Amino acid sequence: MLRRHRKDEFWVGAWRAKMAFRMRALALGCLIFALPAPAKPWNGIEPGASLRADVVKKFGEPSKITPAGEQEVLTYLKDKAIRGTVQSQFRVEKVSGRVSRIDVFPEPILDQDAIEKSFGAECSPGEDDGCYLRRAQQNKPPYFLYSRLGLAIFFREDGKTVQSFAFLPAKK
């Protein structure tokens with residue numbers, strides 16, 4: 001019969017403690033990555049988190065409010081346009097009052113190079129972090145989707161200059 005030495009018992013106990021720590025760290029890492037990624041806020045308003053009241057408090061009463069099914073659209077344009085924009089639209093869920101989407105029509109002319117420098121280049125196959133996926137809609141110019149940021153960028157008919165930005169809840 002083999003008899004364990006106290007020295008061996010120490011190393012077995014240390015190994016178990018080390019493995020238990022690693023398992024807890026792995027579980028914590030899985031939990032963190034399972035949480036939804038935060039959306040890209042615009043001027044302090046975050047889709048999926050900010051409320052209608054936050055929008056009105058920050059930008060004042062909108063130029064117009066348009067019902068759209070289960071949502072209403074707060075539109076800021078002309079003399080109430082938000083600085084740097086021609087128009088901004090905040091889609092707000094009627095029941096919860098949460099902002100679900102922000103559409104921004106920029107005043108300055110922005111091109112594809114400026115977008116890639118600011119947000120990242122096109123994704124390589126299998127990549128989706130810090131880059132965009134080029135998407136197309138029938139009879140419309142392609143758009144860039146930064147899914148981790150919750151940002152879609154739509155181009156004008158020329159396919160080179162930005163028409164609008166859409167800030168959405170980010171995808172994991």
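Note: the structure precedes this text.
Residues numbered from 1 in each chain as written. Predicted model: local features only at pLDDT ≥ 70, side-chain atom pairs only at ≥ 80, totals over all residues. Heavy atoms only, no water.

### Remarks on the sheet that holds strand β2 (residues 71-77)
Turning to step 1, where the next piece is worked out: Judged by pairing direction, the sheet is antiparallel, and its eight strands sit side by side in the order β1-β2-β3-β4-β8-β7-β6-β5 without closing on themselves. Strands with a single pairing partner mark the edges of an open sheet, and in this sheet they are β1 (64-68) and β5 (133-135). Strand-to-strand, the axes of this sheet are offset by a mean angle of 20°, without reference to chain direction.
Turning to step 2, where the next piece is worked out: Here strand β3 (residues 85-93) runs beside strand β4 (residues 99-106); their pairing, made up of seven bridges, is antiparallel. (Pairing = 2+ DSSP bridges. Helix = DSSP H or I, 4+ residues; strand = E, 2+ residues; numbered from the N terminus. Axes fitted to C-alpha atoms, helices over the stretch in contact; angles between N-to-C directions.)

### Thoughts on the nonpolar core
Turning to step 1, where the next piece is worked out: Ranked by internal contacts, the top residues of the largest apolar core, which has 23 residues, are Phe-90 and Ile-153.
Turning to step 2, where the next piece is worked out: Secondary structure elements with two or more residues in this core: α2 (52-59), β2, β3, β4, β6 (143-146), β7 (151-155) and β8 (162-167).
Turning to step 3, where the next piece is worked out: If we skip the residues at most four places from it in the chain, Ile-153 touches Ile-115, Phe-119, Tyr-143, Phe-144, Tyr-146, Val-162, Ser-164 and Phe-165.
Turning to step 4, where the next piece is worked out: Of all hydrophobic cores here, the second largest spans five residues; its members include Tyr-143, Leu-145, Ala-152 and Ala-166. (Core = buried A, V, L, I, M, F, W, Y, C linked by side-chain atoms within 4.5 Å. Buried < 20%, exposed > 50% of the residue type's maximum accessible area, 1.4 Å probe, protein only. Contact = heavy atoms within 4.5 Å.)

### Some words on the state of the cysteines
Turning to step 1, where the next piece is worked out: Inspection of the entire model under this criterion finds one disulfide.
Turning to step 2, where the next piece is worked out: What pairs with Cys-123 in a disulfide is Cys-131, and their sulfur atoms sit 2.0 Å apart. Taking the torsion about the S-S bond as the criterion, the Cys-123 to Cys-131 disulfide, at about 95°, is right-handed. Comparing Cys-123 with Cys-131 shows no difference in burial state: the two are buried. (Disulfide = S-S within 2.5 Å.)

### A closer look at the pattern of salt bridges
Turning to step 1, where the next piece is worked out: Summed over the entire model, instances satisfying the criterion amount to four salt bridges.
Turning to step 2, where the next piece is worked out: Of the charged contacts, one joins Glu-72 and Arg-52 as a salt bridge, the two residues approaching to 2.5 Å between their closest N and O atoms. Placement of the pair is Glu-72 in strand β2 and Arg-52 in helix α2, with a sequence separation of 20 residues.
Turning to step 3, where the next piece is worked out: Residue Arg-52 is classed as partly exposed on the basis of its relative accessible area of 26%.
Turning to step 4, where the next piece is worked out: Of the charged contacts in the structure, one is a salt bridge between Arg-91 and Asp-103, with a shortest N-O distance of 3.9 Å. Highlighted residues: Arg-91 in strand β3 and Asp-103 in strand β4, separated in sequence by 12 residues. (Salt bridge = Lys/Arg side-chain N within 4 Å of Asp/Glu carboxyl O.)

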